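Breakdown of the fold
Here is how the chains run, residue by residue.
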Amino acid sequence: MPGVAPATGELPGPATESATRPARPGEPSAVLRADDGRTRAAGLPGPAPGPCAGPTRPGGPSTVPPGKDGRTESAGPALPAGGAEAGAGGDGFAGADSAGPASGLPGSGTADATGRAVGLIDAAERARLAGRPARARELLAGAGYEGAPDVVRGAAQLVNGQLGLQDGPVADAREVLLLAAELLAEAEPARALAARLAAMEAAWAMGDAAACLEALGPGPGRRGSDGVNPVAGAARSGGPDHVAGPPEGDGGVAAYRAGMSAVMRGRLDTGRTRLREVVDGAGAAGIPDGPESLLLAGGAALVAGDLAAACRANARALAVARARGPRILVAQALERLAYGELRAGRHARARAHAEDGLRTALAAGQSNLVAHHHAILALAASVEGSQEAVAEHASAAERIAAPHGLAQAATLSQWARARADLARGRLPEAAARLGPLIGAGPRHGHFALRMLAVPCFVEAAARTGQAEAARSALAEFTHWAAQGADPQAPAQLARCRALLSDGDGCEPLYAAALAHHEEAGGDFERGRTQLLYGAWLRRRRRPGEARGRLRDALVSFERGGALGWAAQTRAELRATGDAGPAEPVGPLALLTPQQLRIARCVAEGATNREVALRLSVSPRTVDHHLRNVFAALGVRSRVELSRWVERAEKTTAHP
């Protein structure tokens, strides 16, 4: 299959290998001497196709640099067409438990300890690619590579680090992978690059931009040496826009590293130019479209803000991985595709892919990917209106994210909880959750997600009297949006400015936001703008115009499956005098639309002040309406009122 080396066990690369050359004195029999004088171990596992098996992320790199002919370099033998388990004996690990190296490798049949270690490391990599991490760890434990040459120990640490990346604390995996890169740097630069890219994957999952830059650097001797403290999306100047060192493989990997390095330094405009080279090169004539190169392109497109290209590349990567393998990449492709669909506003499709990815990751022992799929499902549920699903998936993601240090999954799950609060009108709770997520630096949200959550924070903060905090967040968002980081950003920026404006200045800003939505597409974000615009018109005592905007919002939410937001929109419509399809029945029909909204909020446990914030009225107005509600229904306490509302609406959603 494309991207896998020939079955001879030869190592591709610029040097010409000679498997027939006798070993030199003191040289292990499982080690080849290349014509360029470099020493290479025969049959070592090649770089994993894609970082992995580990926690994936928007813009995550593949760990396999494509070769000059478009094929992915791999030092190990080709996997059988049916995957790693289709090998001899039905196990897929021919000779893995024997004293010698794997069958078919140079040096086969020898009793040399290094040769045996090489064979077991190769078998461990096959097991990892086949989705059998426990078996891979067992084989590594029995390899006995501690006294072997650096190239052998480096190959073992590469497999070990990738196993940790898929299931374990990612900070630990990063250190193992950087060590692998150092051990492999001289003899196996292609594998050293694979290790560095996998280390970047771990750093991204950690939410550490400086650690990402370190992994993207030229290699050993530069760890932490440039003193950069990058913040993605921040306004920065200075520092190189490229990674030093010669390009590896074809230009795609070099362009990827250069682009991601610029992004890490806050120079998104420069980075996007290089990342587009990666996207444009994927699937070009004469270049095989292996899943590794497609995932690389899909990740580059996500970071560059080209969501359509990201979804195309990741969907193609999924199809190729399922058809050709390796199977370990299927759950990763599903995660990136689900995230791309989520960013594009196609929440139902994102949920379908994440559900498939969750099952696949669980079966392959990829617990860090399990956390990411749960986080995506929580975000999808926050749109679809299921509070129980949000809590369930967010909790599942956080149970893995906390011990494994997965900052990205933790940020996404908290964002999902906050967005669910927004859908229910729980503005103080939403602002409290989002405040830490949008801050920069340690103990805050993931650096690549901060700006995406700012519009939600501005909405919650502006409507709860935290205007200064909202303006501060919007200042950085303004710079970020100007760089074309996300297609929805211009519309969101105009909407946020409207929320922070006074008087008649709001209306042209809402109109501008809707015009931007027409260009970007996406029912959900358009519906949110229409809802806020309609609510503003209602408060300005323009009910006729408000009803038009709110009906448009309702259509947008219903078309996009955003049921929780649709319920909030119906409540706003009722406040304009439009009863709509959810006309209250029984005793609640005695209440005015505003009284009904207040009664429902109180039934959810909101205080008078919280109700006032939700409905943009004064606490005194809430108190006045609540007294009339008590009198109309004949109740004497908030608890009794809650029981009335629950009995009357037990089968409907609260606004």
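Just so it is clear, the structure is predicted and the values come from calculations on it, not from any experiment.

1. Concerning the packing of aromatic side chains
Applying the stated rule across the entire model yields 8 aromatic pairs. Judged by centre distance (6.4 Å) and plane angle (35°), the ring pair of Y533 and W536 falls under tilted. Of this pair, Y533 and W536 are both found in helix α21 (residues 523–539), 3 residues apart, which corresponds to roughly one turn of the helix. An identical accessibility class is assigned to Y533 and W536; each is buried. Three or more aromatic residues link up through ring pairs in this structure, and these residues are Y510, Y533 and W536. We note R419 situated over the ring of W415; from NZ or CZ to the ring centre the distance is 5.4 Å.

2. Description of the side chain of E459
Tracing the chain through its elements places E459 in helix α17 (residues 450–462). Note on E459: relative accessible area 3%, which makes it buried. A polar contact of 2.9 Å, which involves the side chain of E459, links it to the side chain of R528. When sequence neighbours within four positions are dropped, the list of residues in contact with E459 reads L422, L499, R528 and L532.

3. Some points on the pattern of salt bridges
The full count for this structure, using the stated rule, is 33 salt bridges. We note a salt bridge from E507 to R542, for which the minimum N-O separation is 2.9 Å. You can see E507 sitting in helix α20 (residues 506–520) and its partner R542 sitting in the loop between α21 and α22 (543–559), a full 35 residues away along the chain. Classification of R542 as partly exposed rests on a relative accessible area of 22%. Between D623 and R627 there is a salt bridge; the shortest N-O distance is 3.0 Å.

The rules behind these values
Residues numbered from 1 in each chain as written. Predicted model: local features only at pLDDT ≥ 70, side-chain atom pairs only at ≥ 80, totals over all residues. Heavy atoms only, no water. Phe/Tyr/Trp six-rings, centres within 6.5 Å; stacked < 30°, edge-to-face > 60°. Helix = DSSP H or I, 4+ residues; strand = E, 2+ residues; numbered from the N terminus. Buried < 20%, exposed > 50% of the residue type's maximum accessible area, 1.4 Å probe, protein only. Lys NZ or Arg CZ within 6 Å of the ring centre and 35° of its normal. Polar contact = N/O pair within 3.5 Å; in protein donor to acceptor, adjacent residues only side chain to side chain. Contact = heavy atoms within 4.5 Å. Salt bridge = Lys/Arg side-chain N within 4 Å of Asp/Glu carboxyl O.

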